[in-house]
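Here are the chains, one letter per residue:
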Amino acid sequence: MAILHSYPFCPQSRFARLIFAELGLEPDMIEEKPWDRRIPFLEINPAGNLPLLIDDNGLAVAGPLSLAEYLDETRGEDLRDRRFLPRDLAQRVEVRRLLDWFLVKFHGEVSDYLATEKIYKRFMPMDLGGGPPDMGAIRAAQTNVRYHLKYIGFLISARNWLAGDQMTYADLAAAAHLSVVDYLGDVPWDEDETAKHWYARIKSRPSFRALLADRVPGMAPAGHYDDLDF
C-alpha cells in the first residue's frame, strides 16, 4: 500500500490529496507536522518538505511537483483524455507554468504565510517558532491574494478551466492552496465572481469532500467554507 506523509492544512499536501482522490486511490495517510522535522522523516526526505509519497515499489517521491509528475507517469495513461497533464506539448507547458505559479508563487506570497501564522504557530513549540502571529505577514498575504484571485478570474474568463478546455493539475493546485486561505476567511470572493464560480465547481467535486471535512482544533472555518453553493 502506498503511504502519503502529509499535514491537513499544508496547501501542498492538499494538492497531493486531491490528485489521489481524483485518481480514485486511497494511500495510507501519515500526519507529518511540518515544523517537527522528525529525524526518520528527514532521513527519507532531507529537504523536510511535504508531501512525501512512499509508493508500493518503495520509491520515495518528495514535494508536490515531483509527486504530480510521478503520478502522471505512473497512473496518467489510465485517464486517457482526462489526463491531468495533457498529452499536447503546448498544453503541458501551460499546465507546468501554472503549477509553478501556484505551488511556488502563490504559496510563497499567500498560503504559506497564512497557514504558518494563523494555524501552524498555534501548535508549534516556542523554540520552533510558535507564538503570536506576525500581523505584518498576514496583512501582506491578504493583500497579495487579491491579485492572484484576479489572475484566476482573468484565466477563467477566456477558458473553461485554468489551463484550457479540461481540468488539469493547475486547477487542483490552485484550489488546494485557496482552500486553506478560504478556511481562514481570507479570500475576498466578492471581488471576482468568475474566480468564485470556478472555485465552486472545484469544491463541489467528490475529491474535495475530505478537505472540506478537515478542521483546525479550536478554530472553526469561515461560514461558507463547506457550503457547495457558497
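Source: prediction; values computed, not measured.

Thresholds applied
- Residues numbered from 1 in each chain as written.
- Predicted model: local features only at pLDDT ≥ 70, side-chain atom pairs only at ≥ 80, totals over all residues.
- Heavy atoms only, no water.
- Helix = DSSP H or I, 4+ residues; strand = E, 2+ residues; numbered from the N terminus.
- Rg over C-alpha atoms; globule rule 2.2 N^0.38 Å.
- Buried < 20%, exposed > 50% of the residue type's maximum accessible area, 1.4 Å probe, protein only.
- Contact = heavy atoms within 4.5 Å.
- Areas by Shrake-Rupley, 256 points an atom, 1.4 Å probe, with all protein chains shown as cover.
- Expected span 1.5 Å × (residues − 1).

Colleague: Give a description of the overall build of the protein that names residues and reports values.
Modeller: What the protein contains, in helices and strands, is eight helices and four strands. Along the protein, helices and strands appear, N-terminal first, in the series β-α-β-α-β-β-α-α-α-α-α-α. For the protein, the C-alpha radius of gyration of 17 Å lies close to 17 Å, the compact-globule estimate for 230 residues. Looking at the protein residue by residue over its 230 residues, the buried ones come to 54%. For the protein, the proportion of contacts with a sequence separation of at least 24, taken over those separated by at least 6, is 69%. Accessible surface for the protein amounts to roughly 10600 Å². Of this, 53% is attributable to carbon and sulfur atoms.

Colleague: Describe in detail helix H3 (residues 64-75), supporting the description with residues and values.
Modeller: Counted at 1.5 Å a residue, the expected span for H3 with its twelve residues is 16 Å, and the 16 Å between its end C-alpha atoms agrees. For H3, every residue scored as buried is listed here: Pro64, Leu67, Ala68, Tyr70, Leu71, Asp72 and Arg75. Contact partners of the buried residues in H3: strand E1 (3-6), helix H1 (11-23), strand E3 (52-54), strand E4 (60-62), helix H4 (89-123) and helix H6 (169-183).

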